[in-house]
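Secondary and tertiary structure notes
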Amino acid sequence: MKVSFKAIAMLGLCFVSGMSGWAESVPDKTDVAANRAPTGCLAASGKSLRVFPAAEMGCGHRVAYLGTYIPDGKYRVDSRWGRLAELAATDERQTPGLRPVDVPESVDLRPRERVVENLLPRSRPQKNAGGRSMPAELLDGVVTLVYGREKALLAPRYVITDSKGRAIVSDPAANAIHVLDAGQEFRILAGKEQRVQSVGAIAVDNLDNIYVVDPEAGVVVVFDSYGRFVRVIGKMGDNEGAFHEPTAIAIDRERKRLYVVDASRDMVLVMDEEGRLIQRAGGRRAELGVTFSHPSDILVKRGEIVVLDAGGTRVEIFGAGWKLLRSFSTNISVENAADIGMGMDSDGNVFLSDVRRASVRVYDAAGNVRGEFGAAGNRRGEFRGPAALWIDEKDRLYVCEKENRRVQVFQISGNAGVESGVGGGR
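Attention in this report is confined to the structure presented alongside it. (Residues numbered from 1 in each chain as written. Predicted model: local features only at pLDDT ≥ 70, side-chain atom pairs only at ≥ 80, totals over all residues. Heavy atoms only, no water.)

**Details of the sheet that holds strand β18 (residues 297-301)**
Strands belonging to one sheet form pairs held by backbone hydrogen bonds; the direction of such a pair is parallel or antiparallel. Strand order in this open sheet of 4 strands is β18-β19-β20-β21, and the pairing throughout is antiparallel. A single partner strand is all that each edge strand has here, and the edge strands are β18 and β21 (324-329). Neighbour to neighbour, the strand axes of the sheet diverge by 15° on average, direction disregarded. When strand β19 (residues 304-309) meets strand β20 (residues 314-318), the two strands line up antiparallel, connected through 5 bridges. Following the sheet pairing, Val 306 is matched in β20 by Ile 317. (Pairing = 2+ DSSP bridges. Helix = DSSP H or I, 4+ residues; strand = E, 2+ residues; numbered from the N terminus. Axes fitted to C-alpha atoms, helices over the stretch in contact; angles between N-to-C directions.)

This is how it looks when you write it as structure tokens:
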């Protein structure tokens, strides 16, 4: 290191004194009264809107900024200090990896996350647990004050919430699943000797068990709400596995049904939560009278199955018995359909992320464009690399940003579902 630890210590003391007024905040678990929709029906603007602090989506619908999970995993609400923290925390030039390159690995930057390993049989822990000497602890503290904590989010790709309001984030670049809960954050490790080889899409059931798609192993791995291994879905002994290329997953929490997109077979497999096959839709034989072409995402809400199909260019909505209710073109073009995230609010409006336009597009139940918000950047309501979306039962919208290394949270208001308490699961 070019700077002496004595100098770092002095800088650390100055840093602490200047930051003493900052307080950690957690997401508001209640509806925000200030975000209620205005009266009247406004026409959609036809262009992308930034959210400073809100954007009108037409016909009384509004999207308002709530806060952000910044790269160290902390949730920041909207405030003057919070905005400065976001800008600093999302500057990739400061820390391109999880920790500054000039800080030795021997220094513990005190990450907010506790590490949970789920090792395969006969595998050894990656790190041996052991205490640190007092001088080492003091050094760790001072260096952490100057450089900040070791980051948690590297390139978040998928997000979901559970019944406790925790944000669960799949981060393939960090090969980890982050469970973000103020003061109790932890990460589920993935890797060669772990139960999960590579992390992909995620889902949560009504017991808050976490389902992780492992594209490399071609399975779905289930953990409990504490990150402990429960079971593997898709392994069939020495025979061929149930999935060829699992890419997306959704859970009907009421009916306890698991929906897995098998992209290479143009198929959706429906299972119970133990992994027993119930039915298959699509495929070369067009099972159940359904045809797909490169499906990439799926969600289950309001008793409907919503599939992002045709390389991300079409949304198809099915009812009971896989009856096609409606479909519409997205007019979104990307090289990789997995870059398009999809969500549905309590009124049936469909939200899709558009990585090229750095925005989120909103469609009504008939497929008409209601509005669009976002712009390239790292301020509130701006995006760099928007990926997966998630809309919870209170119509809070979560947007993963791979390049900004964060998850922004918005409130969708003006929906009948919010006022009546109607929601759904994924």
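Back to the text.
**Here's the deal with the packing of aromatic side chains**
Each pair of aromatic rings is reported with the distance of its centres and the angle of its planes. On inspection of all chains with the given rule, the structure shows 11 aromatic pairs. For the ring pair Tyr 65 and Phe 410, a centre distance of 6.0 Å and an interplane angle of 75° mean the geometry is edge-to-face. Of this pair, Tyr 65 sits in strand β3 (residues 61-69) while Phe 410 sits in strand β28 (residues 406-413), and the two are 345 residues apart along the sequence. Ring geometry for Tyr 259 and Trp 322: centres 6.3 Å apart, planes at 55°, overall tilted. Here Trp 322 lies in the loop between β20 and β21 and Tyr 259 lies in strand β15 (residues 257-262), a separation of 63 residues in the sequence. Both residues of the pair, Tyr 259 and Trp 322, count as buried. Taken together, the ring pairs connect Tyr 65, Phe 373, Phe 383 and Phe 410 into an aromatic cluster. Cation over ring: Arg 157 sits above Tyr 158, and NZ or CZ is 4.5 Å from the ring centre. Over the ring of Phe 229 we find Arg 195; its NZ or CZ atom is 4.0 Å from the centre of that ring. (Phe/Tyr/Trp six-rings, centres within 6.5 Å; stacked < 30°, edge-to-face > 60°. Buried < 20%, exposed > 50% of the residue type's maximum accessible area, 1.4 Å probe, protein only. Lys NZ or Arg CZ within 6 Å of the ring centre and 35° of its normal.)

**Structural notes on the pairing of β15**
Extensive coverage of β15 is indicated by the burial of 5 of its 6 residues. Both strand β14 (residues 246-252) and β15 contribute to a ladder of 6 bridges, which runs antiparallel. Within the sheet, the bridge partner assigned to Ile 249 lies in β15 and is Val 260. Pairing of β15 with strand β16 (residues 267-272) involves 6 bridges; the strand directions are antiparallel.

**Here we look at the nonpolar core**
Formed by 49 residues in total, the largest nonpolar core has its most connected members in Tyr 211 and Ile 249. Examining the composition of this core, we find that 5 residues originate from one element, strand β12 (residues 219-223), more than from any other. (Core = buried A, V, L, I, M, F, W, Y, C linked by side-chain atoms within 4.5 Å.)

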